[in-house]
Amino acid sequence: MPNLLNDNSWLDFEKTHLWHPYAPLEGALPPLPVKHAQGVHLTLEDGRKLIDGMSSWWSVIHGYNHPVLNDALKEQMDKMAHVMFGGLTHRPAAELAARLVKLTPEPLERVFLCDSGSVSVEVAIKMAIQYWHANGRPDKQRMLTIRRGYHGDTCGAMAVCDPETGMHHLFTHMLSEHFFAEAPTVVNDADWQDEDIAGFRDLIEAHHDEIAAVILEPIVQGAGGMRFYAPEYLRQIRALCDSHKVLLIADEIATGFGRTGTLFACEQAGISPDIMCLGKAITGGYMTLAAVLTTAEISTTISTNPPKAFMHGPTFMANPLACAVANASIDLLLDSPWQERIAAMSKAFDHHLLPCRSWDGVADVRIKGGIGVLELNQPVRMAAITRRFVDKGIWIRPFGKLVYVMPPYVISEEELNSLLTAMTETVAEELAASA
Ligand SMILES: *Cc1c(COP(=O)(O)O)cnc(C)c1O
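Keep in mind it's a predicted model, so treat the numbers as computed, not measured. (Residues numbered from 1 in each chain as written. Predicted model: local features only at pLDDT ≥ 70, side-chain atom pairs only at ≥ 80, totals over all residues. Heavy atoms only, no water.)

In this section: helix 10 (residues 320-334). Across its 15 residues, helix 10 extends 21 Å between first and last C-alpha, which sits within 8% of the 21 Å expected from 1.5 Å per residue. Its side-chain oxygen 3.2 Å from the backbone nitrogen of leucine 321, asparagine 319 forms the N-cap of helix 10. (Helix = DSSP H or I, 4+ residues; strand = E, 2+ residues; numbered from the N terminus. Expected span 1.5 Å × (residues − 1). Polar contact = N/O pair within 3.5 Å; in protein donor to acceptor, adjacent residues only side chain to side chain.)

Around the ligand sit Ser116, Gly117, Ser118, Tyr150, His151, Gly152, Glu217, Asp251, Ile253, Ala254 and Lys280, and that is every residue in its neighbourhood. Note that an oxygen atom of the ligand is positioned 2.6 Å from one of the side-chain N or O atoms of serine 118. Side-chain polar atom of lysine 280 to an oxygen atom of the ligand: 2.6 Å apart, as the coordinates give it. Considering the ligand on its own, with 380 Å² of exposed area, one finds that the protein chains cover 83% of that surface. By residue class, the composition of the shell around the ligand is 3 nonpolar, 5 polar and 3 charged. (Near = heavy atom within 4 Å. Areas by Shrake-Rupley, 256 points an atom, 1.4 Å probe, with all protein chains shown as cover. Nonpolar A, V, L, I, M, F, W, Y, C, P; charged D, E, K, R; others polar.)

This part takes up the state of the cysteines. Evaluated as defined, the whole model comprises 0 disulfides. The cysteine cysteine 241 is free of any disulfide, with cysteine 266 supplying the nearest cysteine sulfur at 11 Å. Under the relative-accessibility criterion, cysteine 241 is labelled buried at 1%. (Disulfide = S-S within 2.5 Å. Buried < 20%, exposed > 50% of the residue type's maximum accessible area, 1.4 Å probe, protein only.)

Right, let's get into the sheet that holds strand 3 (residues 49-52). Pairing within the open sheet is mixed, and its 4 strands lie in the order 1-2-3-15. Each edge of the sheet is formed by a strand with only one pairing partner; in this case those strands are strand 1 (34-38) and strand 15 (394-395). Relative to strand 2 (residues 41-44), strand 1 is paired through 4 bridges, and the arrangement is antiparallel. If you follow alanine 37 over to strand 2, its bridge partner there is leucine 42. (Pairing = 2+ DSSP bridges.)

Another aspect to go through is the sheet that holds strand 13 (residues 362-368). Spatially, the 3 strands line up as an open sheet ordered 13-14-16, and their pairing is antiparallel. A single partner strand is all that each edge strand has here, and the edge strands are strand 13 and strand 16 (402-405). Between one strand axis and the next, the sheet turns through 10° on average, direction left out of account. Of the pairings in the sheet, the one linking strand 14 (residues 371-376) to strand 16 comprises 4 bridges and is antiparallel in character. Paired with glycine 372 across the two strands is valine 405, which belongs to strand 16. Across the sheet, helix 13 (residues 413-434) touches strand 13, strand 14 and strand 16, and the angle it forms with strand 16 is around 170°. (Axes fitted to C-alpha atoms, helices over the stretch in contact; angles between N-to-C directions. Contact = heavy atoms within 4.5 Å.)

Turning next to the pairing of strand 2. Here strand 2 shows two buried faces, one formed by His41 and Thr43 and the other by Leu42 and Leu44. Between strand 1 and strand 2, which pair antiparallel and follow one another directly, the connecting turn spans 2 residues, one of which, glycine 39, has a positive phi of 60°. Where strand 2 lies against strand 3, 3 bridges are found, and the strand directions are antiparallel. In the sheet register, leucine 42 faces strand 3, and the bridge partner there is leucine 50. The loop that links strand 2 with its antiparallel partner strand 3 comprises 4 residues; one of these, glycine 47, has a positive phi angle of about 95°.

Right, dumping it as structure tokens:
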């Protein structure tokens, strides 16, 4: 079949036929057509070039069109693009598992590779439930989590997202009911107050007989509100899980691979979870892939008790292309001065964003590693602010009251200054225009 869509007619077609994330199909702000992407730049079909402040949702840490990642993918492609993982295996998957076991905190050593972050959360929840079932505790099936969390869009994952921003009321009969503690408020250990965890403690004390696992995003709550919390909170949760026989699932899908300044955010609290989910930056933004790591004890318990199998197995499990590019991306990360790069980003955020704290209309400024957040008093006007960003040559996608950046780690000092100058100028203009 020849091209059905000529010239620019593909844009008209896509407007009426293609869904985009969290958007209506009709009447949405038209998406910007990207022709190619290189380093930290997105080039639009009309030739405009934007500095990317989003890393395509945390994932493109090495920048776009990276020669090392391109080569890894091409090399694997010439061997095999895919083969089923049931009954067959391949070197790229084993190589990836070895890397993940080596990098993640100590007792995590068994690896399940799956397609996306949301699926890895489903896998983690099922693992926790199967573990307790195998231990003769089939009554432990519920999760305990904290409000303001985000864990993905499939039903199991949605059920542990924040009930309000996750719009649980739309899906009441679909979603399992879990326990929700108030979100933590203390940001630094120095300001720690026991009150911050009181509600969580009450819930785990009252319901641990029904709870299979606590699931949370360590240190940084991402898509649920870009909030940061004290490592002490996480340490106390680890201790409460241990004393109440509840597993701890750390969803490091957004925080993993260096974004917060440590390779994994759990390291900032010096704890390790029983189950860890990884995704997003795992392939440097090239392919969809996620991983669930767990301990030998959990995997052995599941494997040696009926049904003597872990009951999950996606068609594209451990896709060789995705594994090969993940291996290359992890090596590239470890061979790079990523800590210095994250520290330099943090410093630039301090310089450009902290002064916004005193602005009328700015509720809060939050900075953690390679994440810089302006929280406004009012939701932004998406069409207007997006137009201003693009006119200034940057790509930032706010949500609600949050205007935030998490640039590729390879962004240069000059590009970062341009990005942040344009970001703060735009926010100032928007605040003035909407005042
Ligand atoms: C993005 C994200 C997910 C979901 O991952 P997908 O690949 O979009 O399914 C889950 N948890 C966290 C913390 C995330 O940031």
